[in-house]
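Per-entry structural report
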Amino acid sequence: MTMKKRIAIAAVLCMAIIAAAGVFTACGEKQAFVPPHYDYYSFTYDESLGGLVLDVTHSGLLPDGALSLPASSYYYDGEEAHDEPKDVVAIADGAFDGCGRITSVTLPSAYKHIGAEAFKGSGITELVLNNDNVTIADRAFFDCVKLEKVSGGKVSAVGSEAFFGCVYLRAFDSDTSGATIAEGAFDHTKTDIS
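Quick summary incoming for the structure in this document. Values in this document were obtained by computation on a predicted structure and should not be read as measured data.

1. With respect to the sheet that holds strand β3 (residues 65-68)
Within the open sheet, the five strands sit side by side as β3-β6-β8-β10-β12. Their pairing is parallel. The strands lining the two open edges of the sheet, one partner per strand, are β3 and β12 (171-172). In the sheet, strand β10 (residues 149-151) pairs with β12 via two bridges, with the strands oriented parallel. Note on β12: the bridge partner recorded for V150 is F172.

Set out below in structure tokens:
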């Protein structure tokens, strides 16, 4: 086999590997050949938060429509599987970034933190909080152009540009009294929060 043929075969193989990797998107979506037992979420324990942080596993279909996120879970820390469930208290940075198929999200009462860019550019239309001390990190809902309503719970802090570009956000019915609201958190929305 000539050197040119070897280089051509190697190039084709590289393109096939790159194409296969391109099947996955940032929010964990892929083609429909996911086994039925697939678990959509992964969890890591965060000692400073005192509970589990939810992320998308990046290896299967993300649920459609309205999400009721889990309140607790078992988890694996890389060394051992823990058979004692712990409360899920946070959503990881970038967890649902760009996930256009979700429509609404309801957070159980233990959730107290929404990470940076957690839902950035997603299809979310409504968020329901159930905790009395929720922090929303920088750009958590940046450019969620379909988001119309946030309700429930009490928000203690809203990060920079957290809701920037949520052009249809009119109803922010969560309690923000005493909250720290960063500059630009609600720019380009239809709310009167500043």
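2. Concerning a negative patch on the surface
Judged by side-chain charge, D77, E79, E80, D83 and E84 come together as a negatively charged surface patch. Position of E79 relative to the elements: it lies in the loop between β4 (72-76) and β5 (81-91).

3. Describing the pattern of salt bridges
Counted under the stated rule, the structure contains five salt bridges. Between K120 and D97 there is a salt bridge, with its nearest N and O atoms 4.0 Å apart. Residue K120 is located in the loop between β7 (113-114) and β8 (126-128), and its partner D97 is located in the loop between β5 and β6 (102-106); the two are separated by 23 residues in the primary sequence. According to the relative accessible area criterion, K120 is partly exposed, its value standing at 22%. Two residues, K154 and D175, come together in a salt bridge whose shortest N-O distance is 3.6 Å. Of the two residues, K154 sits in the loop between β10 and β11 (155-158) while D175 sits in the loop between β12 and β13 (180-181), which places them 21 residues apart along the sequence.

4. Points about the nonpolar core
Counting residues in hydrophobic clusters, the biggest one holds 44 residues, and the most contacted among them are L69, F96, I114, F119, F141 and F163. Breaking this core down by element, the ones donating at least two residues are β1 (41-46), β2 (51-56), β5, β6, β9 (134-136) and β11. Beyond its immediate chain neighbours, meaning those up to four positions away, F119 contacts I91, F96, I102, V105, I114, A140, F141 and C144.

5. As for unusual backbone geometry
Of note, the phi angle at D143 is positive, near 60°, even though the residue is not glycine. Tracing the chain through its elements places D143 in the loop between β9 and β10. Exposure remark for D143: the relative accessible area of 40% places this residue in the partly exposed category. Even without being glycine, E161 reaches a positive phi, approximately 55°. Looking at where E161 falls in the secondary structure, it is placed in the loop between β11 and β12.

Here is what the cut-offs are and how they apply
- Residues numbered from 1 in each chain as written.
- Predicted model: local features only at pLDDT ≥ 70, side-chain atom pairs only at ≥ 80, totals over all residues.
- Heavy atoms only, no water.
- Pairing = 2+ DSSP bridges.
- Helix = DSSP H or I, 4+ residues; strand = E, 2+ residues; numbered from the N terminus.
- Patch = residues over 30% accessible without salt bridge, like charges linked within 9 Å, V, L, I, M, F, W, Y side chains within 5 Å.
- Areas by Shrake-Rupley, 256 points an atom, 1.4 Å probe, with all protein chains shown as cover.
- Salt bridge = Lys/Arg side-chain N within 4 Å of Asp/Glu carboxyl O.
- Lys, Arg positive; Asp, Glu negative; His and termini not counted.
- Charge placed at Lys NZ, Arg CZ, Asp CG, Glu CD.
- Buried < 20%, exposed > 50% of the residue type's maximum accessible area, 1.4 Å probe, protein only.
- Core = buried A, V, L, I, M, F, W, Y, C linked by side-chain atoms within 4.5 Å.
- Contact = heavy atoms within 4.5 Å.

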